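One-letter residues, chain by chain:
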2 protein chains.
Amino acid sequence: MLGLMQSQQLLISSLIEFADRHHHEGEIVSRRVEGDIHRCTYRDIAKRSRKAANALDQMKLGFSDRVATLAWNGYRHLELYFGVSGSGRVLHTLNPRLHPDQIVWIANHSEDQVLCFDMTFLPIVKAVHSRCTTIKHFIALCDADKLPTDSGIPGLQSYEAWLAPQSDKYDWPEFDENSASSMCYTSGTTGNPKAALYSHRSTILHAWAGALPDALNMSARDSVLPVVPMFHVNAWGLPYSAAMTGAKMVFPGPAMDGKSIFELIESEKVTFAAGVPTVWQMMLGHMQQGDLRFSTLKRTVIGGSACPPAMITAFNDVYGVEVLHAWGMTEMSPLGTVCTLKNKHIPMNADEKMAVRLKQGRAIYGVDMKIVDDAGAELPWDGKAYGDLLVKGPWVIGEYYKGEGGSPLVDGWFPTGDVATIDADGYMQITDRSKDVIKSGGEWISSIDVENIAMAHPAVAMAACIGMKHPKWDERPVVVVVKKPGAEVSRDELLAFYEGRTAKWQIPDDVVFIDAIPLGGTGKMQKTKLRETLRDYQLPGV
Amino acid sequence: MLGLMQSQQLLISSLIEFADRHHHEGEIVSRRVEGDIHRCTYRDIAKRSRKAANALDQMKLGFSDRVATLAWNGYRHLELYFGVSGSGRVLHTLNPRLHPDQIVWIANHSEDQVLCFDMTFLPIVKAVHSRCTTIKHFIALCDADKLPTDSGIPGLQSYEAWLAPQSDKYDWPEFDENSASSMCYTSGTTGNPKAALYSHRSTILHAWAGALPDALNMSARDSVLPVVPMFHVNAWGLPYSAAMTGAKMVFPGPAMDGKSIFELIESEKVTFAAGVPTVWQMMLGHMQQGDLRFSTLKRTVIGGSACPPAMITAFNDVYGVEVLHAWGMTEMSPLGTVCTLKNKHIPMNADEKMAVRLKQGRAIYGVDMKIVDDAGAELPWDGKAYGDLLVKGPWVIGEYYKGEGGSPLVDGWFPTGDVATIDADGYMQITDRSKDVIKSGGEWISSIDVENIAMAHPAVAMAACIGMKHPKWDERPVVVVVKKPGAEVSRDELLAFYEGRTAKWQIPDDVVFIDAIPLGGTGKMQKTKLRETLRDYQLPGV
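If you're wondering where the values come from, they're calculated on a predicted model, not measured in any experiment. (Residues numbered from 1 in each chain as written. Chains lettered and ligands numbered in written order. Predicted model: local features only at pLDDT ≥ 70, side-chain atom pairs only at ≥ 80, totals over all residues. Heavy atoms only, no water.)

Draft legend 1. Representation of the relation of the copies chain B and chain A in the model. Structural alignment of chain B on chain A gives an RMSD of 0.0 Å, achieved by rotating through 180° and translating 0.0 Å along the axis. Within this description, the copies of the chain are treated as partners about a two-fold rotation axis. Measuring from the rotation axis to each C-alpha of chain B, the shortest distance belongs to Leu212 of chain B, at 2.5 Å. Of the residues that chain B buries at the interface, 100% are likewise interface residues in chain A, meaning the two copies contact each other through the same surface. (Least-squares fit on C-alpha atoms with pLDDT ≥ 70 in both. Contact = heavy atoms within 4.5 Å.)

This is the structure:
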């Protein structure tokens, strides 16, 4: 017997319509490519999303056709989030930090029909457009009078001229909530990039889960700054959760430097910001120099890579900002765990609470996880046993777009490629990426642990630990370090710094100083490149 | 093109399995019928839910068969929430406050196969069992040694003896998430009772929506006391949202008096409590007498009837507890609106905020609402225009069980039977029930407004306003008042109290003092009965 509740598909169009009816006055503030600050409301976004949907209809774009973006976080990008997906097309957020050849490969693989881009990326589009064989329409996200006349891009039009003639009324189509809504390619370390293809259903369920008090805790009283890019797993779903809850949104545009981010937080009374550790490091650097303090920021969610303990401490102790460690993946929409405390932790002292906060956190409802050994047997949740981390849930992929790479699942579970422990209270801690673990004499050494100790040294700006071949131990760790500007530390001083902070055999064999560690398109350290750079390196005494 | 996320039905069994894996240590504390305090964990509840599911299988109960309960809020009732629905049966929470004849009618109408009841309700079951023609199994929610041997109820067994032989392992079945999960009859004022038949999907979506920061704001740090009964629209969905978030649960059992509730809040460090105004009135009365204060309670959600402003003020100003006004219906699972503030209200002063808090609140995402005039035309959201309130959403009914009463929808919207205003920020305020509005000289007078003014008088414990036939004005308001014990106020004094607090023509024509106002099974004032009591009443001067 079926229940007798109203049948309603979960569609992304319902988010912007809800925001329009119930939070029409909610503010959307964007720093633009031009550098100025643009202000509008959810009602404006709703109207312009409908205009975009009408414009796509007029282009005769079919259901599920891909519309790509190369864009910063801003109101026009937000309008496309709703206009493209809401009208039944698939929003494909291209990562502009990729190499142009990769962009061409991905645009052709996804068969994009339209490309909307910020003027920052005009040089990229100039360089790639002739090789993107499926794209029929190029739209520059700018005013009509800012459109370059000599770009050489055929049929290039400005977004504002494209929207202008359209009606702001639109009957959003109703369709199966399992239909594709958006896609995001992962910067795979092996093989070609592969795409996660999200559905309306997975997006809405993830938006609910993401807004919960124990996840991103979003309400209509928040002013939310997604520093995490909208081309990086839909900015962790924040644009959807914000429309769902009526939160004010603040977009940084291209200005991701510490000063710009800090000033935006202060001027727009931001209560909640989300981003990867590298961005926060720049901001904290700026604040330390100027002895600055936050006046409204209450919490930050840090994900994308493991957050160095020193950063959690700085936010908590110096600035009074709650740091939520989070973990997820492109293949997980992306939220899997967030580190918030439980009822049982309330009586604990600050140190005991910090020990919990250092972990990546608990699974949010909708995601289940387990750790397994090499034979696939489930390992105990004791905070000590570590193994491959597997996940499942309605916003975890079942397969990649076009079936690339075959079925990724193992008995219905998605293998994350992370190695982790899970403690008795369900708190997961990543000990390493499977491929980054250093295997020394039959034991595993976590590259992240080695990096975190180096990062705690006052002279170290960034650290990467990689395993080097060793005739006796198989591999031994070496730490590659970028010093802070003007700061000094010697190899021996840094190695001495490890004494007492980790087991003797886990102390790296050597320190390599370097000017910069290569970062990937999503701000993560690229250890593969680092290994190439160091291919002639020899371990001392070997 | 469909998205490529994992396909997973939203099933109630996943809630208790999630709580078992990720919050197994979370506490469930219950005051029992016996008067003692029982403590267990989510893991215990999960194990015993699986035992209950196995026991139902052994009884050869079919998919969607109804299992009824006549029970207080407690751990055994919670186990049945998951065991019954999770195994594919329909949980039917009977309201023990109904007249036995109504219980018989409802049990036969729903075709219950099993009835589980607290020992408190043994007299009811003794009185009705022979007339409940479909019930094959009677189970007393008690230990084996507490089972009465002379009940006369055929085949009566104790819940503990029923569970004992069963395995605590169980493979929850997977099925269509639109399958029926639970049902609740409304105490209809006209015609026979009608049932809302909830689905697994509607229940899970409602649990997500209900746990959001702008709804009930539930986290793993909360200790939650549902005073609202589990037989009243599934305790507003709290058992589901609690399992979803890992919140500690505290159940009051049969002890709903002010002293018992207060003591439970203090001893179990309750942070959040939910109930109808009458319960809170008893508790505040107890606290005033003993000059008591809360040490952990942070917020209460008040719904079921409009909350008198004086109560909101008392909670906020005297006890430092945030009061969230909420509104919903059995037909809405039940949450529709909750009154939480927006970003724009942050700079407002306390009085301005209180003016917002008095309203029933904003729609939560998933629910849409509108107000219409007699012709069905949508009215403006200006906080002044009032009309019939209509709602829709995936946890709002499409029709009643067995199609009773025909299709209730009007163009896809469910008419709530409430009259309301909606302001420009989306805050809805109930001005009256459609049937309680007093129509005086072509204008409408809100019975609730008249009652709230009386309730603000220090000598008044409870007030009900009803319309009396008037030869000239069609109807005129009369306020029926129960005085506080030992307090005194005269008719003329109370009428004088209205001066300056409302428009002259809205002041009642008379005051009728009465010992008690009849309350229905869910604690609401029964104005129909009151009108019967006063059928010989004559308006003064008529």
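On we go from here.
Draft legend 2. Geometry of the packing of helix α3 (residues 75–86) of chain B against helix α9 (residues 238–245) of chain B. Residue and element names in this part refer to chain B. Viewed as axis vectors pointing N to C, α3 and α9 meet at an angle of 80°, and their least axial separation amounts to 11 Å. Between α3 and α9, the angle is such that the two are roughly perpendicular. Here Leu78, Tyr81 and Phe82 of α3 lie close against α9, whose contacting residues are Pro239, Tyr240 and Ala243. In terms of residue class, the contact of α3 with α9 is made up of six nonpolar, no polar and no charged. (Axes fitted to C-alpha atoms, helices over the stretch in contact; angles between N-to-C directions. Helix = DSSP H or I, 4+ residues; strand = E, 2+ residues; numbered from the N terminus. Parallel < 35°, antiparallel > 145°, perpendicular 65-115°, else oblique. Nonpolar A, V, L, I, M, F, W, Y, C, P; charged D, E, K, R; others polar.)

Draft legend 3. Representation of the packing of aromatic side chains. Under the defined criterion, the tally for this structure stands at 25 aromatic pairs over all chains. A ring pair is formed by Tyr159 of chain B and Trp162 of chain B, whose centres lie 5.9 Å apart and whose planes are at 40°; its orientation type is tilted. Taken together, the residues Tyr159 of chain B and Trp162 of chain B, both in helix α6 (residues 159–163) and three residues apart, mark about one turn of the helix. Here Tyr159 of chain B matches Trp162 of chain B in class, with each residue buried. Here the aromatic residues Phe18, Trp208, Tyr365 and Trp395 of chain A together with Phe18, Trp208, Tyr365 and Trp395 of chain B are joined through ring pairs into a cluster of three or more. Above the ring of Phe272 of chain A, the side-chain terminus of Arg299 of chain A is found at 4.5 Å from the ring centroid. Above the ring of Phe513 of chain B, the side-chain terminus of Lys483 of chain B is found at 4.3 Å from the ring centroid. (Phe/Tyr/Trp six-rings, centres within 6.5 Å; stacked < 30°, edge-to-face > 60°. Buried < 20%, exposed > 50% of the residue type's maximum accessible area, 1.4 Å probe, protein only. Lys NZ or Arg CZ within 6 Å of the ring centre and 35° of its normal.)

Draft legend 4. A look at the interface of chain B and chain A. With 87 residues of chain B at the interface, the matching set in chain A holds 87 residues. Summing the contributions of chain B and of chain A, the shared interface buries around 6400 Å²; its carbon and sulfur component is 56%. Seen at the junction of chain B and chain A, the total is 10 salt bridges. Arg201 of chain B is the partner of Glu177 of chain A in a salt bridge, and the nearest nitrogen-oxygen pair spans 2.8 Å. Counting the contacts that link chain B with chain A gives 51 residue pairs in polar contact (both at pLDDT 80 or more). A class-by-class count of the residues in the side of chain B that touches chain A yields 42 nonpolar, 24 polar and 21 charged. (Buried area = accessible area lost by both parts, 1.4 Å probe. Salt bridge = Lys/Arg side-chain N within 4 Å of Asp/Glu carboxyl O. Polar contact = N/O pair within 3.5 Å; in protein donor to acceptor, adjacent residues only side chain to side chain.)

Draft legend 5. Spatial organisation of helix α14 (residues 447–455) of chain B. Residue and element names in this part refer to chain B. Burial analysis of α14 places eight of its nine residues in the buried class, the great majority of the element. For α14, every residue scored as buried is listed here: Ser447, Ile448, Val450, Glu451, Asn452, Ile453, Ala454 and Met455. Near the N-terminus of α14, the side chain that reaches the backbone nitrogen of Ile448, with its oxygen 3.2 Å away, is that of Ser446.

Draft legend 6. Structural context of the pattern of salt bridges. In total, this model carries 78 salt bridges over all chains according to the counting rule given. Its salt-bridge partner being Glu25 of chain A, residue Lys342 of chain B comes within 2.9 Å of it at the nearest N-O pair. On the criterion of chain membership, the pair formed by Lys342 of chain B in the loop between β15 (335–338) and α13 (350–357) and Glu25 of chain A in the loop between α1 (13–22) and β1 (27–31) is interchain, its members lying in two chains. Lys342 of chain B gets classed as buried once you look at its relative accessible area, which sits at 2%. Across the pair Arg357 of chain A and Glu322 of chain A runs a salt bridge, and its minimum N-O distance is 3.6 Å. Taken together, the residues span a long stretch of sequence, with Arg357 of chain A in helix α13 (residues 350–357) and Glu322 of chain A in strand β14 (residues 322–328) at a distance of 35 residues. For Glu322 of chain A, a relative accessible area of 30% corresponds to the partly exposed category. In this structure, a network of salt bridges that share partners links the residues Arg48, Arg76, Glu79, Asp143 and Glu160 of chain A.

Draft legend 7. Structural view of the side chain of Ser182 of chain A. Residue and element names in this part refer to chain A. Mapped onto the elements of the fold, Ser182 is located in strand β8 (residues 180–186). Residue class for Ser182 comes out buried when judged on its relative accessible area of 0%. A distance of 3.4 Å separates polar atoms of two side chains, one belonging to Ser182 and the other to Asn234. Those residues within four positions of Ser182 in sequence are excluded, and the remaining contacts are Val90, Leu91, Ala196, Leu197, Tyr198, Asn234 and Tyr240.

Draft legend 8. Here's a closer look at the environment of Ser446 of chain B. All names here are of chain B. Structurally, Ser446 can be placed in the loop between β22 (443–445) and α14. Assessed through its relative accessible area of 10%, Ser446 is described here as buried. Residues Ser446 and Val125, spaced 321 residues apart in sequence, show a C-alpha to C-alpha distance of 40 Å. For Ser446, the contacting residues outside a window of four places in its chain are Thr431 and Asp432.

Draft legend 9. Representation of the pairing of strand β17 (residues 368–372) of chain B in the model. β17 of chain B sits mainly inside the fold: five of its five residues count as buried. Across the two faces of β17 of chain B the burial is the same, with Asp368, Lys370 and Val372 of chain B and Met369 and Ile371 of chain B all buried.

Draft legend 10. The arrangement of the sheet that holds β1 of chain A in detail. Residue and element names in this part refer to chain A. Across the sheet, which stays open at both edges, the nine strands sit in the order β2-β1-β11-β10-β12-β13-β14-β15-β16 with mixed pairing between neighbours. If you trace the sheet from one side to the other, it starts and ends with β2 (37–41) and β16 (362–363), each paired once. With respect to the sheet, helix α2 (residues 42–58) is in contact with β1, β2 and β11 (248–251), its orientation differing from that of β2 by roughly 85°. (Pairing = 2+ DSSP bridges.)

Draft legend 11. Inspection of the side chain of Asp65 of chain B at higher detail. All names here are of chain B. Mapped onto the elements, Asp65 comes out in the loop between α2 (42–58) and β3 (66–70). Of the side chains bearing the opposite charge, Arg66 lies closest to the buried Asp65, which forms no salt bridge; the N-O distance is 4.7 Å. Polar side-chain contacts of Asp65 include one of 2.7 Å to the backbone nitrogen of Gly62. Leaving out residues up to four positions away in the same chain, Asp65 has contacts with Arg89, Val90 and Gln113. (Lys, Arg positive; Asp, Glu negative; His and termini not counted.)

Draft legend 12. Geometry of the nonpolar core. Counting 244 residues, the largest nonpolar core has Trp208 of chain A together with Trp208 of chain B as its most contacted members. Residues in contact with Trp208 of chain B, not counting those within four places in the same chain, are Leu205, Trp208, Ala209, Leu212, Tyr365 and Trp395 of chain A together with Leu10 and Met244 of chain B. (Core = buried A, V, L, I, M, F, W, Y, C linked by side-chain atoms within 4.5 Å.)

Draft legend 13. Region of the structure containing the environment of Asn234 of chain A. All names here are of chain A. On the secondary structure map, Asn234 appears in helix α8 (residues 233–236). Residue Asn234 is classed as buried on the basis of its relative accessible area, which comes to 4%. Here the alpha-carbon distance between Asn234 and Cys132, two residues 102 residues apart in the chain, equals 23 Å.

Draft legend 14. Representation of unusual backbone geometry. A cis amide bond links Ser333 of chain A with the next residue in sequence, Pro334 of chain A, at an omega value of 0°. As for its position among the elements, Pro334 of chain A is in the loop between β14 and β15 (335–338). Not every positive phi belongs to a glycine, and Trp236 of chain A is a case in point at roughly 55°. Looking at the secondary structure, you find Trp236 of chain A in helix α8. Note on Trp236 of chain A: relative accessible area 6%, which makes it buried. Of note, Asp291 of chain B is a non-glycine position whose phi angle comes to about 50°, a positive value.

Draft legend 15. Layout of the sheet that holds strand β17 (residues 368–372) of chain A. All names here are of chain A. Reading across from one edge, β17-β18-β19-β20 is the order of the four strands in this open sheet, with antiparallel pairing throughout. Lying at the two open borders of the sheet, with one neighbouring strand each, are β17 and β20 (428–433). Between one strand and the next, the sheet's axes are offset by a mean angle of 45°, whatever the strand orientation.

Draft legend 16. Main features of the packing of α1 of chain A against helix α9 (residues 238–245) of chain A. Residues and elements named next belong to chain A. It is at 7 Å that the axes of α1 and α9 come closest, and there the two elements cross at 40°. The angle between the axes of α1 and α9 places the two elements in the oblique class. As α1 runs across α9, the sense of the crossing is left-handed. Residues Leu15, Phe18 and Ala19 of α1 touch α9, and the partners they reach there are Tyr240, Ala243 and Met244. Residue composition of the contact of α1 with α9, by class: six nonpolar, no polar and no charged. (Left-handed = near helix turned anticlockwise from the far one by under 90°.)

Draft legend 17. Representation of the state of the cysteines. Within the structure shown, the criterion is met by zero disulfides over all chains. Its sulfur unpaired, Cys116 of chain B is 11 Å from the next cysteine sulfur, which belongs to Cys142 of chain B. (Disulfide = S-S within 2.5 Å.)

Draft legend 18. Representation of the pairing of strand β11 (residues 248–251) of chain B. Residues and elements named next belong to chain B. Neither face of β11 is open: one carries Lys248 and Val250, the other Met249 and Phe251, and all of them are buried. As judged from the three bridges shared by strand β1 (residues 27–31) and β11, these two strands associate in the parallel manner. Note on β11: the bridge partner recorded for Val29 is Val250. Note that strand β10 (residues 223–226) and β11 share two bridges and pair parallel. Across the sheet, Val224 pairs through a bridge with Met249, a residue of β11.

Bear in mind that shape data such as this cannot, by itself, settle questions of function.
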